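Tertiary structure, described
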Amino acid sequence: MAAVPMVELWRGGILESMHSGHAVICDDKGGIVEAWGDPEAVIFPRSSCKMVQALPLIESGAAAAYGLSDAQLALACASHNGAAIHTGPVARWLADLGLGEADLRCGPQMPDDGDARKKLICTDKKPCQLHNNCSGKHTGFLTLNKHLKGGPEYIDPDHPVQRTVRAAFEEVTDLLSPGFGIDGCSAPNFATTMHGLARAMAFFATAYSRNGLRDRAATRLVGAMQAYPELVAGERRACTNLMRAMGGRVAVKTGAEAMFTAILPDQKRGIAVKIMDGADRASEAAITALLIRAGALDRNHPIVDRYLTGPILNRRRIAAAEIRLAPEFTG
């Protein structure tokens, strides 16, 4: 099946843009509750699966051995803004490991946080790897690597760290990955299907009801994301705003190229969304609509206007266009 129209942009009463994609909602057994597009479409989850990549950090005993806090686990799942609340804790975490910024393999990135960006520009300093939105994930990899006594190139697909990550990924998606691509942070990103990714999110959503080692690891990661939404993304970011709007009852995670996932423990549901043209505005609208549909987000909450029902303003703050859900998605 092909991707289906999901999100539209209307201007002056005329359909201007259309965003098509796939979406899957899974139940506590991993079965499909609802789906749009092709549940078997193969995708790269990108950063929407960072909580899966963090599972071995806890399962291996590394998190306990190094006394990791929930805030650090939230950073391990983060695509952060590079603000001081992100870079400072990551630097201290590395120091606690006896490591430094040079041990990271994610590459430097200009921070998205306005204050951090301004500070760099005004002091004529270059961004470093701490500013990379994936520096928390990579510090988690380094923690696992130190526990496993692996070599320094922990992003190599054949490195023990990535072999462990791939094993966990395939087990919670319940699918063998057909391959991997290299992510923006240089780590391998393992492919799966939309159903597999939603099934993994449903596993996280129901882990609290079981008591296995992986269940306890998943429950702790979900709790860390819910407790520290500002560390998972940052101010003015959809992940942080949506988690706050739902009162810490749901964990959501964006990924590059318009991926989005959601973990709904109260509803025992997992959600995966992929917009095929890579437009974040469409994935944010789609996940907002699905959270409302699942009963996790109040449709009257002000955050809904920001991502779904509110007008698109031009530079003079005049309403110029609007987002609508496509009939194929709302039906």
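Check the entry above for the structure.
Report follows, based on the coordinates. Owing to the predicted nature of the structure, the values given are computational and were not obtained by experimental measurement. (Residues numbered from 1 in each chain as written. Predicted model: local features only at pLDDT ≥ 70, side-chain atom pairs only at ≥ 80, totals over all residues. Heavy atoms only, no water.)

Notes on the overall build of the chain
Looking only at helices and strands, the chain features 15 helices and twelve strands. In summary, the chain has a C-alpha radius of gyration of 19 Å against a globular reference of 20 Å for 331 residues, a match within 12%. Overall, the chain is about 60 × 50 × 35 Å in size when its C-alpha atoms are taken along their principal axes. Counting over 331 residues, the chain shows a buried share of 55%. When contacts within the chain are restricted to residue pairs at least 6 apart in sequence, those whose partners lie at least 24 apart make up 64%. As displayed, the chain offers around 13,700 Å² of accessible surface, 52% of which is attributable to carbon and sulfur atoms. If the 37 positive side-chain charges of the chain are averaged to one point and the 35 negative ones to another, these points end up 4 Å apart. (Helix = DSSP H or I, 4+ residues; strand = E, 2+ residues; numbered from the N terminus. Rg over C-alpha atoms; globule rule 2.2 N^0.38 Å. Buried < 20%, exposed > 50% of the residue type's maximum accessible area, 1.4 Å probe, protein only. Contact = heavy atoms within 4.5 Å. Areas by Shrake-Rupley, 256 points an atom, 1.4 Å probe, with all protein chains shown as cover. Lys, Arg positive; Asp, Glu negative; His and termini not counted. Charge placed at Lys NZ, Arg CZ, Asp CG, Glu CD.)

A closer look at helix α9 (residues 194–206)
The terminal C-alpha atoms of α9 lie 19 Å apart, and with 13 residues this matches the ideal 18 Å at 1.5 Å per residue to within 8%. The buried fraction of α9 amounts to 13 of the 13 residues, a majority that puts the element mostly inside the structure. (Expected span 1.5 Å × (residues − 1).)

Focus: the nonpolar core
One finds Phe204, Leu242, Val252, Val273, Leu291 and Leu297 to be the most contacted residues of the largest nonpolar core, which totals 102 residues. The element that contributes the greatest number of residues to this core is α9, accounting for nine residues. With sequence-adjacent residues up to four places away left out, Leu297 is seen in contact with Leu242, Ala245, Met246, Thr288, Leu291, Ile292, Ile303 and Val304. (Core = buried A, V, L, I, M, F, W, Y, C linked by side-chain atoms within 4.5 Å.)

Some words on the environment of Lys149
For Lys149, the position within the fold is in the loop between α7 (135–148) and α8 (160–173). On the basis of relative accessible area, Lys149 is assigned to the exposed category, the value being 73%. For the pair formed by Lys149 and Pro160, sequence separation is eleven residues and the distance between their alpha carbons is 9.2 Å.

Observations concerning unusual backbone geometry
Of note, the phi angle at Arg46 is positive, near 50°, even though the residue is not glycine. For Arg236, which is not a glycine, the phi torsion comes out positive at approximately 70°. Considering the arrangement of structural elements, one finds Arg236 in the loop between α11 (229–232) and α12 (238–245).

Topic: the side chain of His80
Mapped onto the fold, His80 is located in the loop between α4 (70–76) and α5 (84–96). Here His80 is in contact with Leu75, His86, Leu130, His131, Asn132, Asn133, Ser135, Gly136, Leu231, Val232, Ala233 and Arg237, once residues within four sequence places are set aside.

Digging into the side chain of Asn189
Tracing the backbone through its elements, the reader meets Asn189 in strand β6 (residues 188–190). Among the polar contacts listed, one links the side chain of Asn189 to the backbone nitrogen of Arg46, at a separation of 2.9 Å. Contacts of Asn189, omitting those with residues within four sequence positions, involve Phe44, Pro45, Arg46, Cys49, Gln53, Gly179, Phe180, Gly181 and Asp183. (Polar contact = N/O pair within 3.5 Å; in protein donor to acceptor, adjacent residues only side chain to side chain.)

Things to note about empty space enclosed by the protein
Tallying each qualifying case throughout the model produces one cavity of 30 Å³ or more. The element contributing the most residues to the lining of the largest cavity is α7, with three residues. A class-by-class count of the residues in the lining of the largest cavity yields four nonpolar, two polar and one charged. (1 Å grid on protein atoms, 1.4 Å probe; cavity = no way out; pocket = protein on both sides within 12 Å on 5 of 7 lines; lining within 4 Å. Points joined across faces, edges and corners; volume = space filled by probe spheres on them. Nonpolar A, V, L, I, M, F, W, Y, C, P; charged D, E, K, R; others polar.)

Points about the pairing of strand β3 (residues 32–36)
With four bridges joining them, strand β2 (residues 14–26) and β3 adopt antiparallel strand pairing. Counterpart to Ala23 in the pairing with β3 is Trp36. Once β2 ends, the chain turns through five residues before running back antiparallel as β3, passing Gly30 with a positive phi of about 85°. (Pairing = 2+ DSSP bridges.)

Concerning the packing of α12 against helix α14 (residues 302–309)
Across the interface, α12 lies against α14 with an axial gap of 10 Å and an inter-helix angle of 145°. For the element pair α12 and α14, the recorded crossing hand is left-handed. Between α12, through Ala238, Asn241, Leu242 and Ala245, and α14, the contact on the second element is made entirely by Ile303, Arg306 and Tyr307. Considered class by class, the residues forming the contact of α12 with α14 number five nonpolar, one polar and one charged. (Axes fitted to C-alpha atoms, helices over the stretch in contact; angles between N-to-C directions. Left-handed = near helix turned anticlockwise from the far one by under 90°.)

Read these as layout, nothing more, since geometry by itself doesn't imply function.
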